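# Fold and geometry: a report
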Amino acid sequence: LEGSSLYEEATFIRTEVSTAVSRLTDILTPVILPRVEANAEELKKRLGLNTNKTDSMCKYLLSTYLRGAFVIFMTRSFDSLGGGPKEESRLVPVLDTLQHTTGTPNVYLSYDSVGDCVQVFAAHGLGSGDEVVLRYHKDMANEVFGTRFGFVPGEAKSLRMLLEERNDMLFPPKL
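Remember, predicted model here, so these are calculated numbers, not experimental data.

### Description of a nonpolar patch on the surface
A cluster of nonpolar side chains, Ile72, Phe73 and Leu91, forms an exposed patch at the surface whose accessible area comes to about 250 Å². Inspection of the secondary structure puts isoleucine 72 in helix 3 (residues 54-76). For isoleucine 72, a relative accessible area of 47% puts it in the partly exposed group.

The following block contains the structure:
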């Protein structure tokens, strides 16, 4: 995949996340370290760690959890929800399980600044059994979408199937 836009996007994301995790770990270590020191033996046993250095243990735990948080945010967030304090992506638990559509969504989300909550509105009358669909990100490039969500909008095939069709190096043709 090297040289492809998908590879470039994955490399960019990895670099950005690594930089952010490193900086956040440096900031948070002094805050978290006393709790790690107080629970070092239990953490070593529970996590199967093989070190007595609590600062190393703390940095390992922080970097692991922060990477997980970035993955969750990047794969489960929505575009700005209009009316919010800023143009920013947001996590909306439960709603992130709705299906993505490249067509017209049948629900839309709106940020209520008074209640500090997300409201869901039907775009039109929904019938019993209608699937509720929305658009995850309006203007995201396909390679970014594929890297983050594992599928390319508008394609009925999985990302793996698309790669198998277009990349003989990773997936040699079947004879």
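### Let's talk about the packing of helix 2 (residues 40-47) against helix 3
Helix packing geometry: the angle between the two helix axes and the distance between the axes. One way to put it is that helix 2 packs onto helix 3 with a least axis distance of 11 Å and a crossing angle of 50 degrees. Considering their axes alone, helix 2 and helix 3 lie oblique with respect to each other. Considering the relative orientation of helix 2 and helix 3, their crossing is left-handed. Counted together, Ala40, Leu43, Lys44 and Leu47 of helix 2 and Thr54, Met57 and Leu61 of helix 3 form the full contact between these two elements. Residues of the contact of helix 2 with helix 3, tallied by class, amount to five nonpolar, one polar and one charged.

### What to know about the pairing of strand 5 (residues 117-122)
In this sheet, strand 5 lies alongside strand 4 (residues 107-112) in antiparallel orientation, the contact comprising six bridges. The partner of valine 107 across the bridge, within strand 5, is alanine 122. Taken together, strand 4 and the strand that follows it, strand 5, pair antiparallel across an intervening segment of four residues, in which aspartate 116 is found at a positive phi of about 50 degrees.

### Some words on the side chain of lysine 44
Looking at the secondary structure, you find lysine 44 in helix 2. Although lysine 44 lies buried, it forms no salt bridge, and the closest oppositely charged side chain, glutamate 41, sits 4.1 Å away as judged by the N-O distance. The contacts of lysine 44, once residues within four sequence positions are left out, are Leu49, Thr51, Asn52 and Met57.

### Here's the deal with the nonpolar core
Judged by nonpolar contacts, the single largest core of 14 residues is most densely connected at Val17, Val36, Leu43, Met57, Cys58 and Leu61. Counting only elements with at least two residues in this core, the list comes to helix 1 (5-38), helix 2 and helix 3. Sequence-distant contacts of leucine 43, defined by excluding residues within four places in its chain, comprise Val36, Gly48, Leu49, Met57 and Leu61. If you look at the next biggest cluster of nonpolar residues, it comprises 12 residues, including Phe78, Tyr136, Val144 and Phe149.

### Observations concerning the packing of aromatic side chains
Any aromatic ring pair is given by two values, namely how distant the centres are and how the planes are angled relative to each other. In total, this model carries one aromatic pair according to the counting rule given. Ring geometry for tyrosine 108 and phenylalanine 121: centres 5.5 Å apart, planes at 25 degrees, overall stacked. Here phenylalanine 121 lies in strand 5 and tyrosine 108 lies in strand 4, a separation of 13 residues in the sequence. Exposure remark for phenylalanine 121: the relative accessible area of 33% places this residue in the partly exposed category.

### Considering helix 1
Structural remark: α-helix, 3.6 residues per turn; residues separated by three or four positions point the same way. Taking 1.5 Å per residue, 34 residues should reach 50 Å; helix 1 reaches 46 Å between its end C-alpha atoms and fits that length. The largest bend in helix 1 amounts to roughly 55 degrees and is located at threonine 29, with the proline proline 30 lying one to four residues further along. Within the span of helix 1, buried status applies to Leu6, Glu9, Ile13, Val17, Val21, Thr25, Thr29, Leu33 and Val36.

### Regarding the packing of helix 1 against helix 4 (residues 142-149)
Where helix 1 meets helix 4, the closest approach of the two axes is 9 Å, and the angle between their N-to-C directions is 60 degrees. In terms of axis orientation, helix 1 runs oblique to helix 4. Handedness of the crossing formed by helix 1 with helix 4: right-handed. Touching Ser5, Leu6, Glu9, Ala10 and Ile13 of helix 1 are Glu143, Val144, Gly146, Thr147 and Arg148, all from helix 4. Split by residue class, the contact of helix 1 with helix 4 holds four nonpolar, three polar and three charged.

Conventions and cut-offs
- Residues numbered from 1 in each chain as written.
- Predicted model: local features only at pLDDT ≥ 70, side-chain atom pairs only at ≥ 80, totals over all residues.
- Heavy atoms only, no water.
- Patch = residues over 30% accessible without salt bridge, like charges linked within 9 Å, V, L, I, M, F, W, Y side chains within 5 Å.
- Areas by Shrake-Rupley, 256 points an atom, 1.4 Å probe, with all protein chains shown as cover.
- Salt bridge = Lys/Arg side-chain N within 4 Å of Asp/Glu carboxyl O.
- Helix = DSSP H or I, 4+ residues; strand = E, 2+ residues; numbered from the N terminus.
- Buried < 20%, exposed > 50% of the residue type's maximum accessible area, 1.4 Å probe, protein only.
- Axes fitted to C-alpha atoms, helices over the stretch in contact; angles between N-to-C directions.
- Parallel < 35°, antiparallel > 145°, perpendicular 65-115°, else oblique.
- Left-handed = near helix turned anticlockwise from the far one by under 90°.
- Contact = heavy atoms within 4.5 Å.
- Nonpolar A, V, L, I, M, F, W, Y, C, P; charged D, E, K, R; others polar.
- Pairing = 2+ DSSP bridges.
- Lys, Arg positive; Asp, Glu negative; His and termini not counted.
- Core = buried A, V, L, I, M, F, W, Y, C linked by side-chain atoms within 4.5 Å.
- Phe/Tyr/Trp six-rings, centres within 6.5 Å; stacked < 30°, edge-to-face > 60°.
- Expected span 1.5 Å × (residues − 1).
- Bend = angle between axes of the 7 residues up to and from the residue.

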